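Survey of secondary and tertiary structure
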Amino acid sequence: MASQDRRATIVRSKLNRPRLSPRHVPRARLVDRLELRRDRRLTLVCAPAGSGKSTLLSEWASASERRAAWVSLDEHDADPCVFASYLLAAVGSLFPGVAFETTDLVRAPGPVPPEALAASLANDLDQIADDYLLLLDDYHLVAGPEIDALLTSLLRHPPGGLHLAVASREEPAWPLAAHRAKGDLQEIRFDDLRLTDEESARFLRASLPEVADDELVAAIQTEADGWAAGVQLLAMAFEGASRDHAALLAGLGQHDSVHDYLLAEVLGRLPTADQERLLRLAVVRRFDAALCEELCRGTAVGDAPGWGERFLLDLRERNPFVVGLDPQQRVFAFHHLMRRFLLRRLEQLHGEGAVHDLSRRASAWLAARGAVDEAFDLALAAGDAAMAGALVADHRLDLYHLEDFGRLAQWLGRLPAEVRVSNPELLLAAARIATVNCQYPEAVALLDRADDLMATARLSPEDAAVAVGEWLTLRGVLDFWRGDGEALMRHALRARELLPERCTHLRGMLHIGIASAHLLLGRPDDAAAYLEAHLARTPPDASAYASLLQMQCHLAWLDGRLTELEATARRLLAVTDDLALPDQHALAEHFLGCVRWSRNDLPAARDHFAAAVDARFTMRLNWWCHACGGLALTLDALGRPDEAAQVLAEARAFLLDRQAVGLSPLVAAYEAELARLRGRDDTAAEATVDRATAARTVLALGIVDPPLVRARALVLDGGDAPAADDAMDILRACRDRLKSRRLGREAEALDLLAAYRRGEHDRALDRLDGLVVDAAAERDVRLFVDLGEPMAQLLRRLAARPHTARGVTRLVAAFAPAGRDAADLQAGLPEPLSDRELEVLAALAGHKSNKEIADDLYIAPSTVKRHTLNIYRKLDVGDRRSAVRRADQLGLLAAVLATGVRDPS
């Protein structure tokens, strides 16, 4: 039957423009009118059923020079995310090279605010400059406050080359008066669509060549009054009829529903077998020969093999109320008038039970062929919520694999509560969504209920094993956030025995669980070996492969291996692009932001963190909080404190909307860090640190963690020795539990600052020299810069030593008050200094030899000499002491030390 796109929940046949009937009467006058006003961005074709709306739009799309995308809407597209998916799929079929970010947004596990969806959709479509038509048929079936608001927002500032054309039986609740006033709306109404006498006569004489004399043509036109469906129905009723035409026309006045009367006339003249086939087909919206044969199998009208294709093609030729939906003429649909009539007749003749039985039969057949959304709709239409629930349970693993938690949440939300709470597999699916949204108390309750039911559930042995493995995997998520490494390892190892390879998403989760358990139990080498071994035997096209890369990124971050982290994160970015995994794609951006932040490449860090923050509806919320914090710190370091504060305020509001306020202390950690960096020493800042400390950190997920905030505050606020000791206890506990070199470096940096404050100057500088060497291999700059002026003072003293670590000069250049621009200060010079010359200038202030400067900057001594001579010439001085003095007078040296220069890496 209709092909279905597993990634986007798209029934592809709905994107095919209906083919024009062989009996079609061209509407040149209307098509010319539409083309004449093609500059108007909105076209509304509004008229009752059977007026020819769809046919006119299809003819226009065929005749227009512009490319045209089509969507046949139905009732189940009324969800804004589903509606947006169809719009993007239709437009994407015209412009396959365009990437749409909204595709990830519509898969969010929680509700997406309409304004966010509208903005994302508008931005996606605005990428396309070419003129094109987007035609939406049967808009009245989805019209409602949410969809109306979405399109109203989209049409307020129409994107790119979009021209929207909508066919509807009812006038949409849009600000049509405003569109009329702006002159960007053209309208086609019922009076415009009425067939003229000439059009009716042309159609009737082609359809009824033997009987359509002038008198009959006039009579039919008068009776139908230009209604296209009425003219067609009357033509079909008269075709080959032996009865008196006058009697047939007279009979019209005796019926309340003219079209039902005419359809009965048309249906009654078909063979009995064909009538029964049509009645059975009415339960589905779209059908092909195979489904037709399935719905008639086991009856007197469906025993002959292979009859379906011939029957449908003959029907298509004879009946304009059967519409072909694909170029190959294999998929068909009834006109709405015909389908409604057939459904009523089916129920009258065979009862409501027959309608439901056929719906269930069609549902099972469609589900077996992958058309799960259509099968789900039919099961609910049949009143069989248990069957619909079983479909969700059977296909939940597929949606896990695609990270399509939004679709899963929609399915669960449409099921009655009594079905959801009585099926353990549905409870597990709901628990998975709860863990994605970090709603752990809800996940606990759902897992407990599922555990109670699994013992008595009627599951096959294989399904029971998968359910238990899934339960253990999700329980492991809760173990992880409690920091219980032993329970996590026990649950994950047991789950690994139960879950088959096809459960790739869950197996990816348990791989992360086992590696995390090794970490929590103090065995980082075992975690690394486990990941490496499983990466080697996991196919790159499995979602578990992305999970393994994700955990490798985490290990590299904990260990401070920035070069390895960057390489692995870029692999993760590529893999998640191929697999369309938006959550882990955003996570890769977050890790790249951490690398660039650590190396003080602030513009690149901002871009990576911003990309992760933009994925707020698809990224796991705990990681997303850290991405927000990283972006806020980066903006603050770039001299944009108001924007930084706004990022964190919006993060708090978003957590409240998503009912994930338990993560607010993570946001508080970044608020406290910003307060410290800005030198705030008030009660509010202290309260922020207290809130941050309340957060439970299991693994160091971002550039700031609550214990780290507390430790920095205790040391850097000038506290006494006991406070410094408390800070060291905090950091060492984290470092020892996780065996983290990154936290170990942080602990060493804070400890040597405390030692220097105690008067251990030479020892502290010696230790700092070693720490600079350790961090230099990964070009980790923020390890020092984040500790502010106390660390800057020590680095300056270290730089003044005759023999010290390579890279100290570059670290010094990253300090001092921000906000001064070296480029502006060079405006009076004959020629500005290059980035490399500014680096050398900063090194000259450190009283180092050319050889030492060359070692610091990883260049040759001869290159240092050449840059030094250029500096002398540009500053109009003759030696290095004069160059430093002149740069200081200009304020240039302070600016270079404050802002640094671009990282050549």
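This one's a predicted model, so the numbers in the text were calculated from it and none came from an experiment.

Calculation rules
Numbers given to residues run from 1 along each chain, matching the order in which its sequence is written. Note on the predicted model: pLDDT of at least 70 is required for a residue's local features to be given, and 80 or more for side-chain atom pairs to be given and counted; whole-chain, interface and lining totals, by contrast, use all residues. For side-chain calculations, the full set of non-hydrogen atoms in the structure is used, while hydrogens and water are omitted. Each helix is a run of H or I in the DSSP string that is no shorter than four residues. Each strand is a run of E no shorter than two, and both are numbered from the N terminus. Type-normalised accessible area, obtained with a 1.4 Å probe on protein chains alone, sets the label of each residue: buried when under 20%, exposed when over 50%, and partly exposed for intermediate values. Working rule for contacts: check all heavy atoms of both residues, and any pair within 4.5 Å makes them a contact. Only the protein chains shown count as covering a residue, and every accessible area follows the Shrake-Rupley method with a 1.4 Å probe. A pair of strands is labelled paired if DSSP reports no fewer than 2 bridges between them. Only the contacting stretch of a helix is used when fitting its axis, a line to C-alpha atoms as for every element, and angles between N-to-C directions run 0 to 180 degrees. Whenever a pair of cysteine sulfur atoms sits within 2.5 Å, that pair is classed as a disulfide. With the strands aimed away from the viewer, a crossover counts as right-handed if its path from the first strand over the helix to the second runs clockwise. In this analysis, the expected span of each helix is defined as 1.5 Å times one less than the number of residues it contains. Here the arc refers to the directions that run from the helix axis out to each C-beta atom. Under this scheme an angle from 65 to 115 degrees is roughly perpendicular, one under 35 degrees roughly parallel, and one over 145 degrees roughly antiparallel; angles in between are oblique. Three categories are distinguished: nonpolar for Ala, Val, Leu, Ile, Met, Phe, Trp, Tyr, Cys and Pro, charged for Asp, Glu, Lys and Arg, and polar for the others, with Gly belonging to the last. Working definition of a nonpolar core: buried Ala, Val, Leu, Ile, Met, Phe, Trp, Tyr and Cys residues. They are joined through side-chain atoms within 4.5 Å. Definition used for salt bridges: Asp or Glu carboxyl oxygen within 4 Å of a side-chain nitrogen of Lys or Arg. The criterion for an aromatic pair is that two Phe, Tyr or Trp rings (for Trp, the six-membered ring) have centres within 6.5 Å, with stacked assigned to planes under 30 degrees apart, edge-to-face to planes over 60 apart and tilted to the rest. For a Lys NZ or an Arg CZ to count as sitting over a ring, it must be within 6 Å of the ring centre and within 35 degrees of the ring normal. As a per-residue measure, pLDDT reflects the predictor's confidence and takes values from 0 up to 100. The definition of a polar contact used here is a pair of N or O atoms within 3.5 Å, where within protein one atom must be able to donate a hydrogen and the other to accept one, and adjacent residues in sequence count solely through side-chain atom pairs.

The next thing to look at is the overall build of the chain. Counting its secondary structure elements, the chain contains 49 helices and nine strands. Burial analysis of the chain (905 residues in total) assigns 58% to the buried set. Counted over contacts in the chain with a minimum sequence separation of 6, partners at least 24 positions apart contribute 70%. Entry remark: accessible area of the chain is about 36,200 Å², with carbon and sulfur atoms responsible for 51%.

Here we have five strands laid out as an open sheet, ordered β4-β5-β6-β3-β7, and parallel in their pairing. Strand pairing shows two members of the sheet lacking a second neighbour, β4 (67–72) and β7 (185–188), which therefore form its edges. The average undirected angle you get between the axes of adjacent strands in this sheet is 15 degrees.

So, about the state of the cysteines. If you walk through the whole model with that rule in mind, you get zero disulfides. Take cysteine 438: it sits in no disulfide, and the sulfur closest to it among the cysteines is that of cysteine 625, at 7.4 Å. Take cysteine 438: its relative accessible area is 9%, and that puts it in the buried class.

A separate point is the pairing of strand β5 (residues 132–137). Within β5, six of the six residues are buried, which leaves it mostly tucked inside the rest of the structure. Here β5 shows two buried faces, one formed by Tyr132, Leu134 and Leu136 and the other by Leu133, Leu135 and Asp137. The pairing of β4 with β5 spans six bridges and is classified as parallel. By the bridge assignment, alanine 69 is partnered in β5 with leucine 134. Note that β5 and strand β6 (residues 162–168) share five bridges and pair parallel. Looking across to β6, one finds that tyrosine 132 is bridged to leucine 162. Taken together, β5, helix α6 (residues 145–156) and β6 constitute a β-α-β crossover, and its handedness is right-handed.

Bringing helix α34 (residues 641–657) into the picture now. The end-to-end C-alpha distance of α34, which contains 17 residues, comes to 25 Å, matching closely the 24 Å that a straight helix rising 1.5 Å per residue would cover. What α34 keeps buried is the set Ala644, Val647, Leu648, Ala651, Phe654 and Leu655. Looking straight down α34, one finds its buried side chains confined to an arc of 120 degrees; they lie on one side. Set apart from the buried face of α34 by more than 90 degrees, the exposed residues are Asp642, Leu656 and Asp657. Lining the buried residues of α34 we find α33 (621–637) and α35 (664–677). Just downstream of α34, glutamine 659 is the residue with a positive phi angle, here 55 degrees.

What follows covers the packing of helix α18 (residues 352–368) against helix α20 (residues 385–402). Following both chains from N to C, one finds α18 and α20 inclined at 5 degrees, their axes separated by 11 Å at the closest point. It follows from the interaxial angle that α18 and α20 lie roughly parallel. Note on element contacts: α20 touches α18 through Met387, Leu391 and His395, opposite Arg360, Ser363, Ala364 and Ala367. Here the residues of the contact of α18 with α20 sort into four nonpolar, two polar and one charged.

Glancing now at the nonpolar core. Formed by 215 residues in total, the largest nonpolar core has its most connected members in Phe83, Leu134 and Leu136. If you tally residues by element for this core, the top one is helix α3 (residues 80–94), at eleven residues. Residues in contact with leucine 136, not counting those within four places in the same chain, are Val71, Leu73, Phe83, Leu87, Leu151, Leu164, Ala165, Val166 and Ala167. One finds Val715, Leu753, Leu811 and Ala814 within the second-largest nonpolar core, a separate group that totals 33 residues.

In this section: the environment of aspartate 463. When you line up the elements, aspartate 463 lands in helix α25 (residues 461–482). Looking at aspartate 463, the relative accessible area reads 27%, which means it is partly exposed. For the pair formed by aspartate 463 and glutamate 425, sequence separation is 38 residues and the distance between their alpha carbons is 9.2 Å. Those residues in contact with aspartate 463 that sit more than four places away from it in its chain are Glu425 and Arg502.

All right, on to the pattern of salt bridges then. Applying the stated rule across the entire model yields 58 salt bridges. Across the pair glutamate 187 and arginine 180 runs a salt bridge whose closest N-O atoms are separated by 2.7 Å. Of the charged contacts in the structure, one is a salt bridge between arginine 475 and aspartate 448, with a shortest N-O distance of 2.9 Å. In this pair, arginine 475 is assigned in helix α25 and aspartate 448 in helix α24 (residues 440–454), connecting sequence segments 27 residues apart. Linked by salt bridges that have partners in common, Glu566, Arg570, Arg596, Arg599, Asp601 and Glu778 make up one network.

Moving on: the environment of leucine 378. By the secondary structure assignment, leucine 378 is in helix α19 (residues 372–381). Residue class for leucine 378 comes out buried when judged on its relative accessible area of 8%. Taking the C-alpha atoms as reference, leucine 378 lies 9.1 Å from arginine 361; in sequence the two are 17 residues apart. In contact with leucine 378, not counting residues within four places along its chain, are Val283, Val284, Ser359, Ala362, Ser363 and Leu366.

Before going further, it helps to spend a moment on the packing of aromatic side chains. Under the defined criterion, the tally for this structure stands at twelve aromatic pairs. On the basis of an interplanar angle of 70 degrees and a centroid distance of 5.4 Å, the ring pair of phenylalanine 95 and tyrosine 132 is categorised as edge-to-face. Here phenylalanine 95 is found in the loop between α3 and α4 (102–105), whereas its partner tyrosine 132 is found in strand β5, with 37 residues between them in sequence. Among the aromatic residues, ring-to-ring pairing joins Phe287, Phe332 and Phe334 into one connected group. Note that arginine 277 overlies the ring of tryptophan 307, its terminal NZ or CZ placed 4.0 Å from the centroid. Above the face of the phenylalanine 311 ring, arginine 277 is positioned so that its terminal group lies 5.3 Å from the ring centre.

This part is about the confidence of the model for the chain. Residues with a pLDDT of 70 or more make up 88% of the chain, whose mean pLDDT is 84. Counting interchain partners and residues more than four positions distant, the pLDDT-below-50 stretch residues 900–905 has 13 contacts.

Turning our eyes to something else, we now look at the packing of helix α39 (residues 741–757) against helix α42 (residues 788–799). The interhelical angle for the contact between α39 and α42, taken along N-to-C directions, is 75 degrees, at an axis separation of 11 Å. Comparing the axis directions of α39 and α42 gives the class roughly perpendicular. Seen from α39, the contacting residues are Ala749, Leu752, Leu753 and Tyr756; seen from α42, they are Pro790, Met791, Leu794 and Arg797.

Glancing now at the side chain of serine 58. Take serine 58: it is sitting in helix α2 (residues 53–63). For serine 58, a relative accessible area of 1% corresponds to the buried category. In this view, serine 58 contacts Arg17, Pro18, Leu20 and Trp70; residues no more than four positions away in its chain are not counted.

Here arginine 599 shows up in the loop between α31 (582–598) and α32 (602–613). Under the relative-accessibility criterion, arginine 599 is labelled buried at 3%. Here the side chain of arginine 599 touches threonine 563 through a polar contact of 2.9 Å, side chain to side chain.

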